[in-house]
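Notes for the structure review
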Amino acid sequence: MNFIFQFQEFANMNIISVLFICGSLLLVTTHCFSVYNIDDSVGLGRRFDGIGGLSGGSATSKLLMAYKEKERNEILDYLFKPNFAAALQILKVEIGGDSQSSDATEASHMHNIWDENYNRGYEWWLMKEAKKRNPDIKLYGLPWNFPGWLGNGTQNPYENAERLATYIMKWVRGAKQVHGLTIDLIGIWNEKAYNKTYIETLRLVLDNSGFENTRIVAADDGGWGVVKDFFENSNFAAAVDYIGVHYPGTESSLAALQTGKQLWSSEDYSSYNDLTGGGCWARLLNWNYVNGFMTSTIAWNLIDSYYQGLPWDRDSLMTARQPWSGNYNVSSPIWTSAHTTQFTQIGWTYLRHGSGVGMFDLGGSYVSLVSPDGKDLSIIIETMSHNHSVCIRPALPPYTVDEQTVILNLKGSFANIQELNVWYSKLRFDGGESVYMEKLSPLKVRNGRVELTLGIDELFTLTTLITGHRGDYGPPPPPAQFTLPFEEDFEDYEDNAEPLLLAMQSGSFEVVPGDKGHGKVMRQMVLERPVIWCTTAGLLDATVNLLGSVNWTDIYVEVDLKIGEVNGTTGVYMAARITHTGCWSYKATGIFFYLFPNDNLFLVTNDLAREKIITGGREYDAVRQGWNNLYMLVKNGTVIGGVNGKPLFNITVPTNPPSGFVGVGTDSYGIADFDNLKVATAAEGEQLIKKKNMERKDFKKLERNWWKSSKKNIKLKKKIINRNRLLSKTDNKLYYVAKSP
């Protein structure tokens, strides 16, 4: 019966709007106020399923773990702590798949069919931190990419439905067994085609593995097309619990409502987190239910904790991308979230349209929610103007908002409420200081009525609850440039950890035990092309892992690298001035210093794809099997570089790109190890190269003297000749192979 009421609400919404407009015209001429009923006696609307944020769809929380504990905890509190700030009720995360998903790559828990590990990446850590602050938060996993073995040589992850379902189930099981996390919700494949057989199989595999309570959301794409299959296939309909759509423009469909299922905007917002972004988010949180009966809205993305200069800059609820300085920014969407999340809980219920939910005559909207026991009421009001609430997508049709006075008529079980607590925000676009989550004096209810004057670009929460709060840790540390010199030997990481400050753009890099002389190293793990989300990721199989600043121009880079003896790649590189990242990494430009040890070949190129070769050659004496040390100095349009202490080139490089990140990677998928990564200023780099040259000259002198004095000791001579050069991690002292002149 409740669904029938909701269906009638949807069918009559346009008629109600016309009646409101006609009423408002009359009210303007008579200088009366518009009256809006807040009434549960006519029945209730749909169950409220929560407001959330999405970590993933490109490693968006990448840098967060690298913050010092104090600032890191503050940031997490702003996101997840109840009654403090955003107080998010759902955390949606990417199930890593070893390939690019907008800004970066997230690691799979199963790089290969024989591999299984649940300590990769940082989403496990983030989910635990969210749960630590709010045990009631719901956890939701969704894949963007899949490791290549699932496609079995194709780009179709559904090639074997049971194998894919088992892969996802293992992620759910790993969350539980390794981290004590219960995954509440699972999606299918972000913004890609769904498969009915797979979804039915996933439901069966989850049930048979003891995860009956993990619910399925379909199809996490850009429309309501999944609905038609519900009416044609009852088994498929039974397998899906929630219909999730991305960027629906606050509109659902009549067919979607007819399914009787809960409707979600399972990805939305995606807007720059300035004042307009805050207005966008405030409007969406109301309009998605007012216009579309959607009971949950999830923002992409949760937090901009990825390097400035990567795609989708600050398309997030807040920003925290300087762990070296501790700086972060609590942006306006945090506080517009709070007007809903601090005064509701999952399981509350919306009132019906026209009796607590709707649009105001002169613009703006209101939604009312009631607690399960009926004792508490929260009314969220927004008056965001068109130009101050435009989201990045989809297009927003014109509308107007004017100042107005409204009367709320409390009826039904709310008739005896004596006062409502008031929380207020005002987004100021005139240069004045915006107001966020300010507690005003309670509104007295007289004869069941509350009168309220509404300005433009304002938010009000009227509630019987007394738990609201504007959390404040004071100003964070000031911003600063990335600290140089930077050195990383990977010794402080647990096995399979992802280095904190390196942002994978292609491939998957993690810390593993190294061989003799290299305690722990960073290894590129992906052996074959994944099933990709970014279609451009399939245009080039090179891997990229970057760090630093997109503004770096003159810079020094040094690294030890080695091709894997088994399943190894063919070439490795380090680079400076890297541009074109995210889904555009395949056409990255910069200064790339490649080494192909099996061919004793080096190349310096102006691009990742090696189509723009600057110089190169074969170096039989300098390049060796096993570990090689590369160094490169970029300064004033010149690049100097060498391998294992031997200078190889001193050349002029193209002026474009003028700046960019530094990074390391491989020419193709396959195992490669990296160690002792060093980044320094150009001035520091010049001193390091001088030191290398002096050491090489001193060594050559010692080498010649040694040959003169050691003719009698043939065994010792052979032993030293065959000894590999080692780089001591304790004092960075260089040892060189002794070679016959």
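Residues numbered from 1 in each chain as written. Predicted model: local features only at pLDDT ≥ 70, side-chain atom pairs only at ≥ 80, totals over all residues. Heavy atoms only, no water.

1. Focus on the sheet that holds strand β11 (residues 303-304)
Read across the sheet, 3 strands follow the order β11-β12-β13 without closing on themselves; strand pairing throughout is mixed. Whereas interior strands pair on both sides, the edge strands pair on one side only; in this sheet they are β11 and β13 (327-329). Strand direction decides the pairing type here: β11 and strand β12 (residues 318-322), joined by 2 bridges, are parallel. By the bridge assignment, Ile303 is partnered in β12 with Met318. (Pairing = 2+ DSSP bridges. Helix = DSSP H or I, 4+ residues; strand = E, 2+ residues; numbered from the N terminus.)

2. So, the state of the cysteines
Going through the model one piece at a time under the given rule, you end up with 2 disulfides. A sulfur-sulfur distance of 2.0 Å marks the disulfide that ties Cys280 to Cys391. On the sign convention where negative is left-handed, the bridge of Cys280 and Cys391, at about 105° about the S-S bond, is right-handed. With a gap of 111 residues between them, Cys280 in helix α10 (residues 275-290) and Cys391 in the loop between β17 (377-382) and β18 (404-411) connect regions that are remote in the sequence. Paired by a disulfide, Cys534 and Cys583 hold their sulfur atoms 1.8 Å apart. Of the two residues, Cys534 is situated in the loop between β26 (520-524) and β27 (543-547) and Cys583 in the loop between β29 (572-579) and β30 (589-596); the sequence distance between them amounts to 49 residues. Judged by relative accessible area, which is 3%, Cys534 ranks as buried. When the cysteines engaged in disulfides are numbered in sequence order, the protein pairs them as 1-2, 3-4. (Disulfide = S-S within 2.5 Å. Buried < 20%, exposed > 50% of the residue type's maximum accessible area, 1.4 Å probe, protein only.)

3. Digging into the packing of aromatic side chains
The full count for this structure, using the stated rule, is 40 aromatic pairs. Through pairs of rings, three or more aromatic residues link up here, namely Phe146, Trp149, Tyr158, Tyr167, Trp189 and Tyr198. Above the plane of the ring of Tyr247 lies Arg393, whose end atom (NZ or CZ) is 3.9 Å from the centre. If you follow Arg610 out to its NZ or CZ, it ends over the ring of Tyr594, 5.3 Å from the centre. (Phe/Tyr/Trp six-rings, centres within 6.5 Å; stacked < 30°, edge-to-face > 60°. Lys NZ or Arg CZ within 6 Å of the ring centre and 35° of its normal.)

4. Re the pairing of β17
Buried residues dominate β17, accounting for 6 of its 6 residues. Along β17, one buried face is formed by Leu377, Ile379 and Ile381 and the opposite face, lined by Ser378, Ile380 and Glu382, is buried too. In sequence, strand β16 (residues 365-370) turns back onto β17 through a hairpin of 6 residues, with Gly374 there showing a positive phi of about 75°. By the bridge criterion, 5 bridges tie β17 to strand β22 (residues 458-463) in an arrangement that is antiparallel. Within β22, the residue paired with Glu382 across the bridge is Leu459.

5. Points about the pairing of strand β32 (residues 613-618)
Relative to β32, strand β31 (residues 601-607) runs antiparallel, the two sharing 5 bridges. Note on β32: the bridge partner recorded for Leu601 is Arg618.

6. Looking at the pattern of salt bridges
For side chains of opposite charge, pairing can occur when their charged atoms come near one another. One pass over the full model with this rule turns up 30 salt bridges. With a closest N to O distance of 2.7 Å, Glu74 and Lys70 form a salt bridge. In this pair, Glu74 and Lys70 both sit in helix α2 (residues 69-80), 4 residues apart, roughly one turn of the helix. You can call Lys70 exposed: its relative accessible area is 54%. Across the salt bridge formed by Lys132 and Glu129, the nearest N and O atoms sit 3.1 Å from each other. Here Glu129 and Lys132 lie together in helix α3 (residues 123-133), a separation of 3 residues that amounts to about one turn. Classification of Lys132 by relative accessible area gives exposed; the value is 59%. Through salt bridges with shared partners, a single network forms among Asp77, Glu129, Lys132 and Arg133. (Salt bridge = Lys/Arg side-chain N within 4 Å of Asp/Glu carboxyl O.)

7. Description of the nonpolar core
Counting 119 residues, the largest nonpolar core has Phe80, Leu91, Ile188, Tyr198 and Ile199 as the members making the most contacts within it. The element best represented in this core is helix α5 (residues 161-179), accounting for 9 residues. In this structure, Met574, Phe593, Ala672 and Leu677 belong to the second largest nonpolar core, which totals 62 residues. (Core = buried A, V, L, I, M, F, W, Y, C linked by side-chain atoms within 4.5 Å.)

8. Section: unusual backbone geometry
Note that the residue after Leu484, namely Pro485, is joined by a cis bond; omega there is 5°. Among the structural elements, Pro485 can be located in the loop between β22 and β23 (486-488). Here the amide bond leading from Asn656 into Pro657 is cis, since omega sits at -5°, within 30 degrees of zero. Tracing the backbone shows Pro657 in the loop between β35 (646-652) and β36 (661-666). Phi angles above zero are rare outside glycine, and Ala87 is one such case at about 50°.

9. Some remarks on the environment of Tyr118
Here Tyr118 shows up in the loop between β4 (90-95) and α3. For Tyr118 and Asn496, which are 378 residues apart along the polypeptide, the C-alpha to C-alpha distance reads 9.0 Å. If we ignore the near neighbours within four places in the chain, the residues touching Tyr118 are His109, Trp124, Lys170, Trp171, Gly174, Val178 and His179. A polar side-chain atom of Tyr118 sits 2.6 Å from a polar atom in the side chain of Glu116. (Contact = heavy atoms within 4.5 Å. Polar contact = N/O pair within 3.5 Å; in protein donor to acceptor, adjacent residues only side chain to side chain.)

10. Focus: α3
Of all 11 residues making up α3, 8 are buried, and the element is well covered by its neighbours. Considered for burial, the residues of α3 that qualify are Glu123, Trp124, Trp125, Leu126, Met127, Glu129, Ala130 and Arg133. Each element contacted by the buried residues of α3 is listed here: β3 (50-55), α2, β4, β5 (138-143) and α5.

11. Regarding the sheet that holds strand β1 (residues 34-39)
Pairing is mixed in the open sheet, where 3 strands are placed in the order β1-β18-β21. Taken across any chain shown, the strands that pair with only one partner, and hence form the sheet edges, are β1 and β21 (449-454). Strand-to-strand, the axes of this sheet are offset by a mean angle of 25°, without reference to chain direction. Of the pairings in the sheet, the one linking β1 to β18 comprises 6 bridges and is parallel in character. Along β18, the bridge assignment pairs Tyr36 with Leu408. (Axes fitted to C-alpha atoms, helices over the stretch in contact; angles between N-to-C directions.)

12. Quick look at the confidence of the model for the protein
For the protein, per-residue confidence averages 92 on the pLDDT scale, and 90% of positions sit at 70 or higher. Here residues 714-741 is a poorly scored stretch, pLDDT under 50, and it has 56 contacts once near neighbours within four places are set aside; other chains count. (pLDDT = per-residue confidence, 0-100.)

13. Some remarks on the packing of α2 against α3
Put simply, α2 and α3 touch, their axes get as near as 10 Å, and they point 65° apart. One element, α2, and the other, α3, form an angle in the roughly perpendicular class. Relative to α3, the crossing made by α2 is right-handed. Contact with α2, carried on its side by Arg72, Asn73, Leu76, Asp77 and Phe80, involves Trp125, Leu126, Glu129, Ala130 and Arg133 of α3 and no other residues of that element. Looking at the contact of α2 with α3, its residues break down into 5 nonpolar, 1 polar and 4 charged. (Parallel < 35°, antiparallel > 145°, perpendicular 65-115°, else oblique. Left-handed = near helix turned anticlockwise from the far one by under 90°. Nonpolar A, V, L, I, M, F, W, Y, C, P; charged D, E, K, R; others polar.)

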